[in-house]
Amino acid sequence: MKNHLKGIAASDGIAIAKAYLLTEPDLSFEKRKVEDSEGEVARLLESFETAKSEVSAIREKAAVSLGEEEAQVFDAHLMVLSDPEMIESMNANIRDNGVNAESALSDVAGMFIGMFEAMEDNPYMQERAADIRDVTERVLSHLLGVKIPNPSTIPEEVIVVAKDLTPSDTAQLNRDYVKGFVTDIGGRTSHSAIMARSLEIPAIVGSKEITQIVKDGDIIILDGLDGDVFINPDEETLAAYKKKAEEFSAMQAEWHKLKNANTVTADGKHIELAANIGTPKDLEGVVANGAEAVGLYRTEFLYMDSSDFPTEDEQFDAYKAVLEGMEGKPVVVRTMDIGGDKELPYLELPKEMNPFLGYRAIRICLAEPEMFRTQLRALLRASVYGKLRIMFPMIATLNEVRAAKAMLEEEKANLLADGVEVADDIQVGIMIEIPAAAVLAHQFAKEVDFFSIGTNDLIQYTMAADRMNQQVSYLYQPYNPAILTLIKHVIDASHAEGKWTGMCGEMAGDQTAVPLLVGLGLDEFSMSASSVLKTRSLMKRLDSKEMEKLADKAINECTTVEEVIALVEEMKAKLVKADSGAKRPGMLACLVFLRASEFKAISEAESIISAGLFVWIYFASRA
């Protein structure tokens, strides 16, 4: 039997436990004719209401355990369960064709699922197919009286194994017993991966065949650092990974000691290390991980968690809470970024072939000035409670920046005229996520106080590759010399005007990218709160002057992603070698540098070499 699989490392950590196979329930049924159509309609509606109550309860639990941002996915499920068009189509199917409720549900849901799955150029709508499928199975289970597996009832320490984990499944994982999970499908940006990082449990996705190989009760080693899964390992492998798990725990303890430390490189250069948030509730993680700022406050979740446009006072309260909670540390607030994969039920957006390149973010704000001015007024009023920085997203032209700034200045003047106090030191910046803005960064830098590079979009727009499309996901290349060149141009342009540049995309917390970004001169790194301390630890090991040489070589001498990764790995090996000559080598830091890239699967031979080198350094450090 195959006992070693490779997948995508989606959430850090190492777990060793029994496999718990989360299998699909048997929801098969027979299509049949019924005489009491109204009775079937009533049975269907009752099942919808029961499912709605369950999802609402799951959402509340997710908001507490995962945070409001991650819980937002269940709003889509509740919308499906309340969709009058879909429900009425099912009722009509029962009445017109005299079929049972199960059949009507399956037929209509299948039609909608097929319609959404066919929208290959629209990832957002394709995701709605998954939402409908998840909701349909829940309703069907109530019609059939079949119990859906509930991961929250797992009574012992396990590693959950599944083809995929729905948002409902993941939200119900009990951290006391679920030590990690492995799935057949998925990527680092899938719902399950994001939730795993929020829960801080190790996870591997995209293993392709784990459910075909594993049986309930098998012992599994899950290495969420490098993406390795071992099934029923031998004693030698088991001992090695128990040791690795202990060392990772020790490393996390070492990271925690840096909670109140400044973020400085080995040669004393200070870099601002910030965290991304979606709601004021997320501040707990920011503070617990010692972030020096909020580098991205995604205000669209205020809109998505409301049945109507949030009022000025509601927004003011939310912004004030974050500014006060950061106790004078900077807070970058991104103005509303609706559109693309984020829709509002109360804002009718046009149907577009490609909403990610369509009517969204600043484009909506400038077209809906009253909505935009309400947000600007709330921000300006809150500015006196902390260190506010306002950022406009999805900027493509200078005219957009000027129009947004003009509205901001007008609202500031109006508030001051009304006797409302407004801070006089608010910085105004833009997200650099459109290649046109990156290319003209030297012009934009004259108009704003700072840039924040949104690499998630900048990379896919530059490479013309949807990162959620598995057929072209290989082109989502953060280390591509072209991407690094664009980033360098943006940073240099801001510095030439005496301004600063941050980064709030996933690349900012990528441990392979960090040395390159330090070398490129990035001033602020903003990432998930759970990545702050390990990044601070890494930066302490880097000499900024040496990283400048590294970045310059990556841009001017490397031609492929693989060459850039090899260059960084070579630098890490030199640092490890330097450690081995020190009086007490930095054992835990060495482990950080021996970690494989999150975007590159290392070979088994490389793993063995790295493990051997680590063991040698570890024992040398104890000598």
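Computed from a predicted structure; not experimentally measured.

## Here we look at the overall build of the protein
Move 1: Tallying secondary structure elements over the protein gives 26 helices and 16 strands in all.
Move 2: For the protein, the accessible surface area stands at approximately 26,400 Å², while carbon and sulfur atoms represent 51% of it.

## Considerations on the sheet that holds strand E13 (residues 427-432)
In any sheet, the strands associate via hydrogen bonds between backbone groups, in a parallel or an antiparallel arrangement.
Move 1: The eight strands lie next to each other as E9-E10-E11-E12-E13-E14-E15-E16, forming a closed barrel whose pairing is parallel. Strand-to-strand, the axes of this sheet are offset by a mean angle of 25 degrees, without reference to chain direction.
Move 2: Alignment of strand E11 (residues 330-334) against strand E12 (residues 387-392), held across five bridges, turns out to be parallel. Looking at the pairing, Val-332 lines up with Arg-389 of E12.
Move 3: Sheet strands in contact with helix H22 (residues 532-539) are strand E9 (272-277) and strand E16 (524-527), and its direction is about 160 degrees off that of E9.

## A closer look at unusual backbone geometry
Move 1: The backbone phi angle of Ala-361 is positive, close to 55 degrees, even though this residue is not glycine.
Move 2: Inspection of the secondary structure assignment puts Ala-361 in the loop between E11 and helix H14 (362-367).
Move 3: Look at Ala-361 and you get buried, because its relative accessible area is 0%.
Move 4: Even without being glycine, Ala-464 reaches a positive phi, approximately 55 degrees.
Move 5: A residue is classified by how much of its surface remains accessible, and Ala-464, at 71% relative accessible area, is exposed.

## Section: the packing of helix H21 (residues 513-520) against helix H23 (residues 544-556)
Move 1: Running from amino to carboxyl end, H21 crosses H23 at an angle of 100 degrees, the nearest separation of the two axes being 7 Å. Relative to H23, H21 is oriented roughly perpendicular. Mapping the contact onto sequence places Pro-515, Leu-516, Val-518, Gly-519 and Leu-520 in H21 and Ser-544, Met-547, Glu-548, Leu-550, Ala-551, Ala-554 and Ile-555 in H23.
Move 2: Looking at the contact of H21 with H23, its residues break down into nine nonpolar, two polar and one charged.

## Comments concerning the packing of aromatic side chains
Move 1: Enumeration according to the criterion identifies six aromatic pairs in this entry.
Move 2: Judged by centre distance (5.2 Å) and plane angle (50 degrees), the rings of Phe-230 and Tyr-241 are tilted. Residue Phe-230 is found in strand E8 (residues 228-231), and its partner Tyr-241 is found in helix H10 (residues 235-256); the two are separated by eleven residues along the sequence. Residue Phe-230 shares its accessibility class with Tyr-241, and that shared class is buried.

## As for the nonpolar core
Move 1: Core analysis: the biggest nonpolar cluster contains 102 residues, and Tyr-297, Phe-392, Ile-430, Phe-451, Ile-487, Leu-517 and Phe-525 have the highest contact counts within it.
Move 2: Core analysis: the second largest hydrophobic core is formed by 35 residues, Ala-63, Val-99, Leu-105 and Ala-129 among them.

## Thoughts on the environment of Ser-537
Move 1: Tracing the backbone through its elements, the reader meets Ser-537 in helix H22.
Move 2: Sequence separation between Ser-537 and Glu-254 is 283 residues; the distance between their C-alpha atoms is 8.6 Å.
Move 3: Every residue in contact with Ser-537, bar those within four places of it in the chain, is listed here: Trp-255 and Leu-258.

## Some details on H10
Move 1: The end-to-end C-alpha distance of H10 is 32 Å, a good match for the 32 Å that 22 residues give at a rise of 1.5 Å each.
Move 2: Residues Leu-238, Tyr-241, Lys-244, Ala-245, Glu-247, Phe-248, Met-251 and Trp-255 constitute the buried set of H10.

## Considerations on the side chain of Glu-447
Move 1: Positionally, Glu-447 belongs in the loop between helix H18 (441-444) and strand E14 (450-453).
Move 2: A polar atom in the side chain of Glu-447 sits 2.8 Å from the side chain of Arg-402.
Move 3: Those residues within four positions of Glu-447 in sequence are excluded, and the remaining contacts are Leu-398, Val-401, Arg-402 and Lys-405.

## What about the side chain of Glu-102?
Move 1: Residue placement: Glu-102 occurs in helix H5 (residues 101-117).
Move 2: Side chain to side chain, Glu-102 and Arg-43 meet in a polar contact 2.8 Å long.
Move 3: Separated by 3.3 Å, the side chains of Glu-102 and Asn-100 make a polar contact.

## Quick look at the pattern of salt bridges
Move 1: Scanning all chains against the criterion turns up 34 salt bridges.
Move 2: Across the salt bridge formed by Asp-12 and Lys-534, the nearest N and O atoms sit 2.4 Å from each other. Of the two residues, Asp-12 sits in the loop between strand E2 (8-11) and strand E3 (14-21) while Lys-534 sits in helix H22, which places them 522 residues apart along the sequence.
Move 3: Residue classification places Asp-12 among the partly exposed positions, given a relative accessible area of 22%.
Move 4: A salt bridge links Glu-447 to Arg-402, with the nearest nitrogen and oxygen atoms 2.8 Å apart. Remark: Arg-402 occurs in helix H16 (residues 398-417) and Glu-447 occurs in the loop between H18 and E14; sequence separation between them is 45 residues.
Move 5: Accessibility expressed as a relative area gives 41% for Arg-402, which makes it partly exposed.
Move 6: Ionic contacts of the salt-bridge type, sharing partners, join the residues Glu-312, Asp-313, Arg-373, Arg-377, Arg-381, Glu-410 and Glu-411 into one network.

## Describing the environment of Val-568
Move 1: As for its placement among the helices and strands, Val-568 is situated in helix H24 (residues 561-580).
Move 2: By relative accessible area, which is 1% here, Val-568 ends up buried.
Move 3: Separated by 55 residues in sequence, Val-568 and Ala-513 place their C-alpha atoms 8.6 Å apart.
Move 4: Setting aside anything within four residues of it in sequence, one finds Val-568 in contact with Thr-512, Leu-516 and Leu-550.

## Structural notes on the sheet that holds E8
Move 1: Taken in spatial order, the eight strands make up an open sheet running E1-E8-E7-E3-E4-E5-E6-E2, and their pairing is mixed. Only two strands of the sheet have a single neighbouring strand rather than two, namely strand E1 (4-6) and E2. Within the sheet, the average angular offset between the axes of one strand and its neighbour, ignoring direction, is 30 degrees.
Move 2: As paired elements, E3 and strand E4 (residues 158-162) share four bridges and run parallel to each other. Looking at E4, one finds that Lys-18 is bridged to Val-158.
Move 3: Running over the sheet, H10 touches E3, strand E7 (219-223) and E8 and is turned about 120 degrees from E3.

## Details of the confidence of the model for the protein
Residues shown with low pLDDT carry predicted positions that ought not to be read at fine detail.
Move 1: With 89% of its residues at a pLDDT of 70 or more, the protein shows a mean pLDDT of 86.
Move 2: Contacts of residues 583-623 to residues separated by more than four positions or lying in other chains number 66 contacts, the stretch itself having pLDDT below 50.

## Focus on the pairing of strand E15 (residues 500-503)
Look at any regular strand and the pattern is simple: side chains alternate between the two faces of the sheet.
Move 1: Neither face of E15 is open: one carries Trp-500 and Gly-502, the other Thr-501 and Met-503, and all of them are buried.
Move 2: One ladder, built from four bridges, connects E14 with E15; its direction is parallel. In the sheet register, Ser-452 faces E15, and the bridge partner there is Gly-502.
Move 3: Relative to E16, E15 runs parallel, the two sharing two bridges. Bridged to Gly-502 within E16 is Glu-524.
Move 4: With H21 bridging E15 and the parallel E16, this β-α-β connection has right-handed handedness.

Quick notes on the rules
Residues numbered from 1 in each chain as written. Predicted model: local features only at pLDDT ≥ 70, side-chain atom pairs only at ≥ 80, totals over all residues. Heavy atoms only, no water. Helix = DSSP H or I, 4+ residues; strand = E, 2+ residues; numbered from the N terminus. Areas by Shrake-Rupley, 256 points an atom, 1.4 Å probe, with all protein chains shown as cover. Pairing = 2+ DSSP bridges. Axes fitted to C-alpha atoms, helices over the stretch in contact; angles between N-to-C directions. Contact = heavy atoms within 4.5 Å. Buried < 20%, exposed > 50% of the residue type's maximum accessible area, 1.4 Å probe, protein only. Parallel < 35°, antiparallel > 145°, perpendicular 65-115°, else oblique. Nonpolar A, V, L, I, M, F, W, Y, C, P; charged D, E, K, R; others polar. Phe/Tyr/Trp six-rings, centres within 6.5 Å; stacked < 30°, edge-to-face > 60°. Core = buried A, V, L, I, M, F, W, Y, C linked by side-chain atoms within 4.5 Å. Expected span 1.5 Å × (residues − 1). Polar contact = N/O pair within 3.5 Å; in protein donor to acceptor, adjacent residues only side chain to side chain. Salt bridge = Lys/Arg side-chain N within 4 Å of Asp/Glu carboxyl O. pLDDT = per-residue confidence, 0-100. Right-handed = clockwise from strand over helix to strand, strands pointing away.

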